[in-house]
4 protein chains.
Amino acid sequence: MGIVLGSNEYGKAETRVVRVTRSGTQHQIWDLNVSTSLRGDFTDAHVTGDQSHILPTDTQKNTAYAYAKTGACTDIEDYALELATHFVDDVAPVDGARVEVDEYAWDRVDVAGRPHPHAFVRRGQEIRTTVVTVETGHSGRHVWVVSGLKELVLLKSTGSQFRGFLTDPYTTLPETDDRVMATSLTARWRYASTDVNWSTAHAGIRSVLLATFADVHSLALQHTLWEMGLAALTAHPEVAEMRLSAPNRHHFTVDLTPFQLENPNEVFHADDRPYGLIHVTVGRDDAPDAGAAWHTATAAT
Amino acid sequence: MGIVLGSNEYGKAETRVVRVTRSGTQHQIWDLNVSTSLRGDFTDAHVTGDQSHILPTDTQKNTAYAYAKTGACTDIEDYALELATHFVDDVAPVDGARVEVDEYAWDRVDVAGRPHPHAFVRRGQEIRTTVVTVETGHSGRHVWVVSGLKELVLLKSTGSQFRGFLTDPYTTLPETDDRVMATSLTARWRYASTDVNWSTAHAGIRSVLLATFADVHSLALQHTLWEMGLAALTAHPEVAEMRLSAPNRHHFTVDLTPFQLENPNEVFHADDRPYGLIHVTVGRDDAPDAGAAWHTATAAT
Amino acid sequence: MGIVLGSNEYGKAETRVVRVTRSGTQHQIWDLNVSTSLRGDFTDAHVTGDQSHILPTDTQKNTAYAYAKTGACTDIEDYALELATHFVDDVAPVDGARVEVDEYAWDRVDVAGRPHPHAFVRRGQEIRTTVVTVETGHSGRHVWVVSGLKELVLLKSTGSQFRGFLTDPYTTLPETDDRVMATSLTARWRYASTDVNWSTAHAGIRSVLLATFADVHSLALQHTLWEMGLAALTAHPEVAEMRLSAPNRHHFTVDLTPFQLENPNEVFHADDRPYGLIHVTVGRDDAPDAGAAWHTATAAT
Amino acid sequence: MGIVLGSNEYGKAETRVVRVTRSGTQHQIWDLNVSTSLRGDFTDAHVTGDQSHILPTDTQKNTAYAYAKTGACTDIEDYALELATHFVDDVAPVDGARVEVDEYAWDRVDVAGRPHPHAFVRRGQEIRTTVVTVETGHSGRHVWVVSGLKELVLLKSTGSQFRGFLTDPYTTLPETDDRVMATSLTARWRYASTDVNWSTAHAGIRSVLLATFADVHSLALQHTLWEMGLAALTAHPEVAEMRLSAPNRHHFTVDLTPFQLENPNEVFHADDRPYGLIHVTVGRDDAPDAGAAWHTATAAT
């Protein structure tokens, strides 16, 4: 009839895994949101309803918990690599797996100047992320690691301008030499290989991103994002490519003149919607092929 | 230095446009969430900070409001087509525009059996969507329309089984002949052309999706989604391709035996997380090329 | 030491109970969010850590599920009454119980003009609510039922003015004879007794609220809320008191004059924050005492 | 007719005020969510629609911005006191005002070991709060300050038990000597006067709450909350009363035995719903009267 099954995948989303590790009386916690998704020849599962190639999503959840027991439980990248490799290697119908892990950070509670051995406080809203994709085929196994961070909320109270832009009949925005620039940053970077010290790399890249945001005089949010990506790739040769996505959280100077008050960029209204939304990719001209690294689900949701 | 700008785009997200149209004392309302995003050669905006090719996102917002005044204001597809075409045709540096519109439905308030002329009540959480992409290049202008719906919450209290699936050492799920199946459906479909009666098509496709969900005995959520897509494409030749994305909102039968009560699929716990997540594409083997229809932003967010 | 335990209570919040009832092949679903909270002399549980008076919140959850099996499962008021009475009567240390139930409405899927026997679609975001409080003491048992609705989103595109208000040096708002008025209504009403046909009363009160919102020319949101409460109490003698809480969801007329366009209340920006927030109580001068009907938790959260 | 207007109030909710203060090149930011609500004789505004006693909520918003310019802009308590006093003193029909302020904390971006003068990163999800109520009447002016914190997410990986609780026929929960205890704490405390160093007090109280949570071996969440309140009131005589509200965010030990794995409290499932919900008040037997300190809006929402 000419109607055919196209790309498809399935998995278990948002399994909330919390792992406690003890070193004597000193505890570590590792707080994760894990999503797994499998690809393969699942045509029968859809078209005839035969589920014999389908490993239940419930099983994927169980596996996420079991690997949280048996794994090293230090870096989310290693955990995701172990899980994705398992699905591809050990489950016959699966030829591709994507494992996404969000990690929530905790600090120890400080009691009279000493960090407590087993009491913790959530550090902030920033989330460390990784997306690991493993594929196998006639050319062997391929692995991609895309790590990053999201919900890193940043603000500069000066050092940001926006001038010389294109105008058309619908343009009313005035130019500005000094504005508040604020965003909730999502940054994802593809590593060129898996031979990386994940936590060291993450901390270093995060530090470069923050310092560049702070130090570069911004000519536009696009300009700042480019400079951030450029600085990160310059300092971190292990990164092949970085994608930055940033809402421009507008802070409008409030007009106080009706009340006989001046407002030299002191009082702002922080608006919710609409917001600018900027997407920038910074790469290397000699980077290895991205392959399936950035493939997310087939349906745009 | 080998570090280069890759794909990028920018726009204004979530402009909340409400349009009231009067026919005598009878009012219509049209309640939209509009996001626009532009592509083109914006290298200088990033690398040197020269913004002369950048139409501000504030201008895009103004344009969305202005076109809500001057347009026909009936179908979101036409509105998005007008906006996207404007950006590509009238703004020199822009060679691609994507306009996404979500429409919130309202019913008239019923007063003593008659629909009120200007008082409305939000119908439900289901949202009608469209994503229109217009690109221009040496091969001329190309247009793609991907319409759909999201947050359509469905439940079957029987007529759903899950058996004969693959098991491995991590599998504990029992087979079932009768379960609750519930989801919050996202469906998006690419039209083969723009010669479509948008509202009629939308209503027809929605109706087929719902009837198929209800009537097909489900062998798995994958099976149900395939049948829904198959039925929609069979009935609607104007649709080239459909992508369905559906969380499996698990309803677990509560064990009441400790209280000397039977529970023959009567009392369920509706769980939040984790959830299964199924993505299925249903297409035609002779469909026109999807081109940029499904391109969303460059950064996986 | 002079430091003392004050008021306290505890319970299980947001148990998501879904109940399927079968009449032959015709199914009914009943989709609830249930929160229970107990009061009594729990001093030891706090001060010495002795939990012998504390029925675990896990038990409260189990009880909510069990009563969903054994109860009539038609009106949330009856279900909440049964649960609250059980806790007060059957659990010795408990002398007060508050049971809150939110009900999510579902419609049957329409297939070719007939309602499907076991496939359902969520009706809307509006939620039916009840809060039942049962207390026992030396003066016997007291019962209060406060029912209502929330997240009922309403909009009038005309028939609303705001004039003649107080001005001070901080006032810049112009008067208006014609504006959009929109809100997400929360209404709660205390029944004078428990001798009520709950569903009939709920439907009738909801209908009066909607019709009054639609038909009354609004002089202010306060005025509209008063008229809604007045109409409801006039038509429903079983209601002793009603409390209405309504955000004023501002819709601002967009200034299109820079684009040579008029905007006679046709194009609006729907703003998120800030919003007006109006609280109104409408009662009877001869109503029975409210007692503990409106007591929520002790901590303002 | 016997139907009467009861308690009522109105205001502007969630005005998002951001204040930048400069000391040379060193900037401070102060990021607030401000809600104001007024009480008085507003009968005519409701019953006849005469708005001459109603100061528009738009004016309240303007005032919040203006006072962010003219005030000291250091402690939210002082800002809220200034605003509330203004409404009561300067707006004739107003005899009561409640001003609620949430403050979002920011850290300076660290660049190579030095804090940046004007680049900031959001610290965490914890929010500092205050609710100031000012009332005037024949007995003069009364002022109450209730400050606190919310969304302080805490977890203990051990040092928590739950035993010896009441059981009934619906109880299935086993006793435990060692469990994870996690919560998102809301604490509010009423100061006995306004003669307080707000920031010093807030930091001290927060520190005591955290240390007590960490150090006390928990016999139940009720017990921990009592100990936290007791410690805070013991150390801070300026606090008359504290109310703590805490969900018990359940972490369930995952059963790994089907996979031949032990799980000695190492791998947990963090569940979303349902959750325990505990409310505790800790006070002084000689505290000044709470008056209107804890009065929130008249409608339970």
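**A short note on the interface of chain A and chain B**
Then, number 1: Each partner contributes to the interface: chain A provides 84 residues, whereas chain B provides 84 residues.
Then, number 2: For the side of chain A that touches chain B, the elements supplying multiple residues, two or more each, are strand E1 (3-23), helix H1 (43-47), helix H2 (57-70), strand E6 (181-191), helix H5 (221-235), strand E7 (239-248) and strand E10 (275-284) of chain A.
Then, number 3: Per-element tally for the side of chain A that touches chain B: the top contributor is E1 of chain A, with 14 residues.
Then, number 4: Each residue belonging to the side of chain A that touches chain B can be placed in one class, and the counts come to 36 nonpolar, 31 polar and 17 charged.
Then, number 5: Of the strand pairs in this sheet, E1 of chain A and strand E10 (residues 275-284) of chain B are connected by 9 bridges, and their pairing is antiparallel. Opposite Asn-8 of chain A, over in E10 of chain B, you have Val-280 of chain B as the bridge partner.

**Let's talk about the relation of the copies chain A and chain B**
Then, number 1: The operation relating chain A to chain B is a screw motion whose rotation component is 180°, with 0.0 Å of axial translation and a residual RMSD of 0.0 Å. Taken together, the rotation angle and the small translation identify this as a two-fold axis.
Then, number 2: Of the interface residues in chain A, 100% have counterparts in chain B that sit at the interface too, so the contact is made through matching surfaces.

**Some words on the nonpolar core**
Across soluble globular proteins, nonpolar side chains have a tendency to be buried as a group.
Then, number 1: Ranked by internal contacts, the top residues of the largest apolar core, which has 348 residues, are Ala-84 of chain A, Ala-84 of chain B, Ala-84 of chain C together with Ala-84 of chain D.
Then, number 2: Ignoring any residue separated from it by four or fewer positions in sequence, one finds Ala-84 of chain D in contact with Ala-97, Arg-98, Val-99, Val-132, Thr-133 and Val-134 of chain D.

**Brief notes about the packing of helix H4 (residues 198-215) of chain D against helix H5 (residues 221-235) of chain D**
Residue and element names in this part refer to chain D.
Then, number 1: Closest axis-to-axis distance for the H4/H5 pair is 9 Å, and the angle between their directions is 140°. The element H4 and its partner H5 pack so that their crossing is right-handed. Seen from H4, the contacting residues are Gly-204, Ile-205, Val-208, Leu-209, Thr-212 and Phe-213; seen from H5, they are Thr-224, Glu-227, Met-228, Ala-231, Ala-232 and Ala-235.

**Re the pairing of strand E4 (residues 114-137) of chain C**
Then, number 1: Note that strand E5 (residues 140-156) of chain B and E4 of chain C share 3 bridges and pair antiparallel. Within E4 of chain C, the residue paired with Leu-154 of chain B across the bridge is Val-121 of chain C.
Then, number 2: Here strand E3 (residues 94-111) of chain C pairs with E4 of chain C via 14 bridges, running antiparallel. When the sheet's bridge partners are listed, Val-99 of chain C is paired in E4 of chain C with Val-132 of chain C.
Then, number 3: Hairpin connection, E3 of chain C to E4 of chain C: the antiparallel pair is bridged by 2 residues, and Ala-112 of chain C has positive phi, about 55°.
Then, number 4: Taken together, the 11 bridges between E4 of chain C and strand E5 (residues 140-156) of chain C define a ladder with antiparallel strand orientation. Paired with Thr-136 of chain C across the bridge in E5 of chain C is Arg-141 of chain C.
Then, number 5: Linkage of E4 of chain C to E5 of chain C, two consecutive antiparallel strands, is achieved through a turn of 2 residues.

**Focus on the domain arrangement of chain A**
Residue and element names in this part refer to chain A.
Then, number 1: Along its sequence, chain A is organised into domain 1 (8-137) and domain 2 (152-296).
Then, number 2: The C-alpha centroid of domain 2 is placed 29 Å from the C-alpha centroid of domain 1.
Then, number 3: Contacts between domain 1 and domain 2 engage 10 residues on the former and 9 residues on the latter.
Then, number 4: Those elements giving two or more residues to the side of domain 1 that touches domain 2 turn out to be helix H3 (76-90) and strand E4 (114-137).
Then, number 5: Looking at which element gives the most residues to the side of domain 1 that touches domain 2, the answer is E4, with 5 residues.

**Focus: the environment of Pro-237 of chain A**
Then, number 1: Relative to the assigned elements, Pro-237 of chain A resides in the loop between H5 and E7.
Then, number 2: Spatially, the C-alpha atom of Pro-237 of chain A lies 45 Å from that of Pro-169 of chain A, the residues being 68 residues apart in sequence.

**Structural notes on unusual backbone geometry**
Then, number 1: A cis amide bond links Arg-273 of chain A with the next residue in sequence, Pro-274 of chain A, at an omega value of -10°.
Then, number 2: Looking at the element boundaries, Pro-274 of chain A is found in the loop between strand E9 (267-270) and E10.
Then, number 3: The backbone of Cys-73 of chain B sits at a positive phi, close to 60°, despite the residue not being glycine.
Then, number 4: Positioned with a positive phi, Ala-112 of chain C is a non-glycine residue whose angle comes to about 55°.
Then, number 5: Relative to the helices and strands, Ala-112 of chain C resides in the loop between E3 and E4.
Then, number 6: Of the residues examined, Ala-112 of chain C has 8 C-beta atoms within 10 Å and is grouped as exposed.

**Here's the deal with the interface of chain D and chain A**
Then, number 1: Listed by partner, the interface residues are 50 residues for chain D and 50 residues for chain A.
Then, number 2: Secondary-structure elements contributing two or more residues to the side of chain D that touches chain A are strand E1 (3-23), strand E2 (26-40), helix H2 (57-70), strand E3 (94-111), strand E4 (114-137), strand E5 (140-156), H4 and strand E9 (267-270) of chain D.
Then, number 3: Tallied by class, the residues present in the side of chain D that touches chain A amount to 29 nonpolar, 13 polar and 8 charged.

**Here we look at the confidence of the model for chain A**
Then, number 1: Summing up the model confidence of chain A, the mean pLDDT is 96 and the portion of residues at 70 or higher is 98%.
Then, number 2: In the predicted assembly, ipTM is 0.96 and pTM is 0.97.

The rules we used
Residues numbered from 1 in each chain as written. Chains lettered and ligands numbered in written order. Predicted model: local features only at pLDDT ≥ 70, side-chain atom pairs only at ≥ 80, totals over all residues. Contact = placed C-beta atoms within 7 Å. Helix = DSSP H or I, 4+ residues; strand = E, 2+ residues; numbered from the N terminus. Nonpolar A, V, L, I, M, F, W, Y, C, P; charged D, E, K, R; others polar. Pairing = 2+ DSSP bridges. Least-squares fit on C-alpha atoms with pLDDT ≥ 70 in both. Core = buried A, V, L, I, M, F, W, Y, C linked by C-beta atoms within 7 Å. Buried ≥ 20, exposed ≤ 12 C-beta atoms within 10 Å, placed from the backbone. Axes fitted to C-alpha atoms, helices over the stretch in contact; angles between N-to-C directions. Left-handed = near helix turned anticlockwise from the far one by under 90°. Domains from an automatic or database assignment. pLDDT = per-residue confidence, 0-100.

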